[in-house]
Amino acid sequence: MNSRQLTILGVVLAVLVAAVAIKRFQPRKEVFREETQSLDVRVDTGAADRITISKGTPEAPAIELAKTESTWTVPSAWHAKADGERIKRLLTRLTELTGERRGNREQLFDDFGITDAKAIHITLSQRNTELLHVLLGTKSVGWDQFFLRRAGSPAVFLCRSNLLSSELGIFGNLESATLKAESWVDRRLFDAAPETVTGVELREGSGEWRRLEADLAPYLQSLANLNATEVVDPDGSGYGLEQPVWQLRLTKKEGAPIELAVGGTRAGSTDARYVKVTAIPPLMVRNGVLPFPAPPAPQTVYVVSSSVLEQIKTGFEDRMKKPAPDTQPTS
């Protein structure tokens, strides 16, 4: 081997040695296996009595849900009754989330839209003690995918779930998505189980109450799926509820009656009216002597389409026209 070949071989060897040295001293990049794992959300969701959902500012939530006894309400939507089934699904999905780890450094948060200032915050608490706080990134991945991290943790996961669309009601671009408290309101006009209702009464204007007691089940079943289109401020004015056009009352075996009062036409509409739903407090007796009313019941004011109201009223009238079932024994 001549000197020229030795020189070339030496240069090649030097380049290889330099490359190895550079590789050894370069900082290693974070590498994560795309392995689905549980996010280990160990929290007793049944203990939660408050849920807040906000975008960027958890201190001023756009949506607040609160539980008193067994009933959820929406304080940020005039304390209307909340959709309990939807809340139950949300809590279940949070505990079942799995994901692929995609980052583990705070410097990467902005890439996922998951900084405190940009993320969607979901917080569960009990008696003002935080049980769970997760952040959802606003960088879009897909309709059923999103980035998530737990507050205080640098680990970012890619989750596949329809949590955003099904439970949170968020579609499309997460960065421009808006959170609406009204969407969590239970818009069912009647939620009493048919077997608990003892009678239905209707009154037009200031007239007499008419009562329906026999064969209630078909009528009550027809009421079960009737919904309002929106909820409005119960302290607002111009609803025409001071002198209702007509009222419907459901009396129950136990607990307070439910009363529906139909007011005036919704402003700017010709086919919807304001409707107030009240759970009237029963009279209570102290020491078996003097009855006194319980504290005023919460009232919710909805906007209901005229077609739904017509269905309620016509259904009552039709049942009143039908003869009571023959209860006499046949010979």
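Residues numbered from 1 in each chain as written. Predicted model: local features only at pLDDT ≥ 70, side-chain atom pairs only at ≥ 80, totals over all residues. Heavy atoms only, no water.

1. With respect to the pairing of strand E16 (residues 272–279)
This is how the line gets drawn: Strand pairing is defined by DSSP finding a minimum of two bridges between the two strands. We count a stretch as a helix when DSSP gives it H or I for four or more residues in a row; a strand needs E for two or more, and each element gets its number in order from the N terminus.
Relative to E16, strand E15 (residues 258–265) runs antiparallel, the two being bridged by six bridges. Bridging from a neighbouring strand, Thr265 pairs with Arg273 of E16. The loop that links E15 with its antiparallel partner E16 comprises six residues; one of these, Gly268, has a positive phi angle of about 80°. With seven bridges connecting them, E16 and strand E19 (residues 299–305) associate as antiparallel partners. Bridging across to E19, Thr278 finds its partner in Gln299.

2. Points about helix H6 (residues 306–321)
To keep it simple, the criterion reads: Multiplying 1.5 Å by the residue count of a helix minus one yields the expected span of that helix. Burial here depends on accessible area, computed with a 1.4 Å probe over protein chains only, as a share of the maximum for the residue type. Under 20% is buried, over 50% is exposed, and the range in between is partly exposed.
In this model H6 runs 22 Å from its N-terminal to its C-terminal C-alpha over 16 residues, within 8% of the 22 Å that 1.5 Å per residue would give. Buried within H6 we find Val308, Leu309, Ile312, Lys313, Gly315, Phe316, Glu317 and Arg319.

3. A few points about the pairing of strand E3 (residues 63–68)
Bridge count between strand E2 (residues 50–55) and E3: four bridges; the pairing is antiparallel. The residue of E3 that forms the bridge with Thr52 is Glu64. Here E3 pairs with strand E4 (residues 71–74) via three bridges, running antiparallel. Residue pairing for E4: Lys67 is matched across the bridge by Trp72.

4. Considering the pattern of salt bridges
What counts is decided by this rule: Criterion for a salt bridge: a side-chain nitrogen of Lys or Arg within 4 Å of a carboxyl oxygen of Asp or Glu.
Under the counting rule described, the total for this entry stands at 20 salt bridges. Across the pair Arg50 and Glu64 runs a salt bridge, and its minimum N-O distance is 3.0 Å. With Arg50 in strand E2 and Glu64 in strand E3, the pair connects residues that are 14 residues apart, well separated along the chain. Glu64 gets classed as partly exposed once you look at its relative accessible area, which sits at 22%. Two residues, Glu259 and Arg249, come together in a salt bridge whose shortest N-O distance is 3.2 Å.

5. Remarks on the sheet that holds E15
Put simply, the rule is: Angular values range over 0 to 180 degrees, each being the angle between N-to-C directions of two axes fitted as lines to C-alpha atoms, with helices fitted over their stretch in contact.
Read across the sheet, seven strands follow the order E12-E11-E14-E15-E16-E19-E13 without closing on themselves; strand pairing throughout is antiparallel. The sheet is open, and its two edges are formed by strand E12 (210–212) and strand E13 (230–232), each paired on a single side. Neighbour-to-neighbour, the strand axes of the sheet open up by a mean angle of 25°, direction not taken into account. Summarising the sheet, strand E11 (residues 197–204) and strand E14 (residues 246–252) pair through seven bridges and their orientation is antiparallel. What sits directly across from Glu204, in E14, is Trp246.

6. Points about the nonpolar core
Condition: Buried residues of nine kinds, namely Ala, Val, Leu, Ile, Met, Phe, Trp, Tyr and Cys, make up a nonpolar core once their side-chain atoms join them within 4.5 Å. By the convention used here, residues are in contact when the closest approach between their heavy atoms is within 4.5 Å.
With 64 residues, the main nonpolar core has Ile53, Leu136, Leu189, Val200, Leu248, Leu260 and Ile312 as its most contacted residues. The contact partners of Val200, leaving out residues within four places of it in the chain, are Arg210, Arg211, Leu212, Leu216, Tyr219, Leu220, Leu248, Arg249, Leu250 and Phe316. Listed in part, the nine residues of the second largest apolar core include Ile114, Ala119, Phe147 and Leu158.

7. Quick notes on helix H2 (residues 84–96)
To keep things clear, this is the line we draw: The arc in question is the one spanned by the directions pointing from the helix axis to the C-beta atoms. For the purposes of these results, a polar contact is taken to be a pair of N or O atoms within 3.5 Å, where, inside protein, one atom must be able to donate a hydrogen and its partner to accept one; residues adjacent in sequence count only when each atom of the pair is a side-chain atom.
Along its 13 residues, H2 runs 19 Å from first to last C-alpha, staying within 8% of the 18 Å computed at 1.5 Å per residue. For H2, every residue scored as buried is listed here: Arg86, Ile87, Leu90, Leu91 and Leu94. Burial along H2 is one-sided: seen end-on, the buried residues are contained in an arc of 135°. Of the surrounding elements, those touching the buried residues of H2 are E2, E3, E4, strand E7 (120–126), strand E8 (129–136) and helix H4 (163–167). Its side-chain oxygen at 3.3 Å from the backbone nitrogen of Glu85, Asp83 defines the N-terminal cap of H2.

8. Quick word on the packing of aromatic side chains
Put simply, the rule reads: Two rings belonging to Phe, Tyr or Trp (six-membered ring only in the last case) form a pair when the distance between their centres is within 6.5 Å. Interplanar angles under 30 degrees mark stacking, angles over 60 mark edge-to-face geometry, and anything in between is tilted. The criterion for a charge sitting over a ring is simple: Lys NZ or Arg CZ within 6 Å of the ring centre, and within 35 degrees of the ring normal.
Tallied over the full model, the rule gives three aromatic pairs. Centre to centre, the rings of Phe112 and Phe147 are 4.6 Å apart; their planes meet at 55°, and the pair counts as tilted. Placement of Phe112 in helix H3 (residues 109–112) and of Phe147 in strand E9 (residues 145–150) is noted, with a sequence separation of 35 residues between them. Geometry around Trp209 places Arg249 over its ring, the cationic atom sitting 4.2 Å from the centre.

9. With respect to the side chain of Glu167
Inspection of the secondary structure assignment puts Glu167 in helix H4. Residue Glu167 is classed as buried on the basis of its relative accessible area, which comes to 0%. Side-chain polar atoms of Glu167 contact the side chain of Arg89, separated by 2.9 Å. Among the polar contacts listed, one links the side chain of Glu167 to the side chain of Ser166, at a separation of 2.9 Å. Sequence-distant contacts of Glu167, defined by excluding residues within four places in its chain, comprise Arg86, Arg89, Leu90, Arg93, Asn162 and Trp184.

10. Looking at the confidence of the model for the chain
How we decide: The score called pLDDT rates the predictor's confidence residue by residue, from a low of 0 to a high of 100.
Chain-level statistics for the chain give a pLDDT mean of 83 and a share of 79% at 70 or above. Of all secondary-structure elements in the chain, the lowest mean pLDDT belongs to strand E17 (residues 283–286), at 42, while E15 reaches the highest, 96. Within the model, pLDDT remains below 50 along residues 25–33, and this stretch shows seven contacts once partners closer than five positions in the same chain are excluded. pLDDT under 50 marks residues 327–331. Its contacts with residues more than four places away, or in other chains, come to zero contacts.

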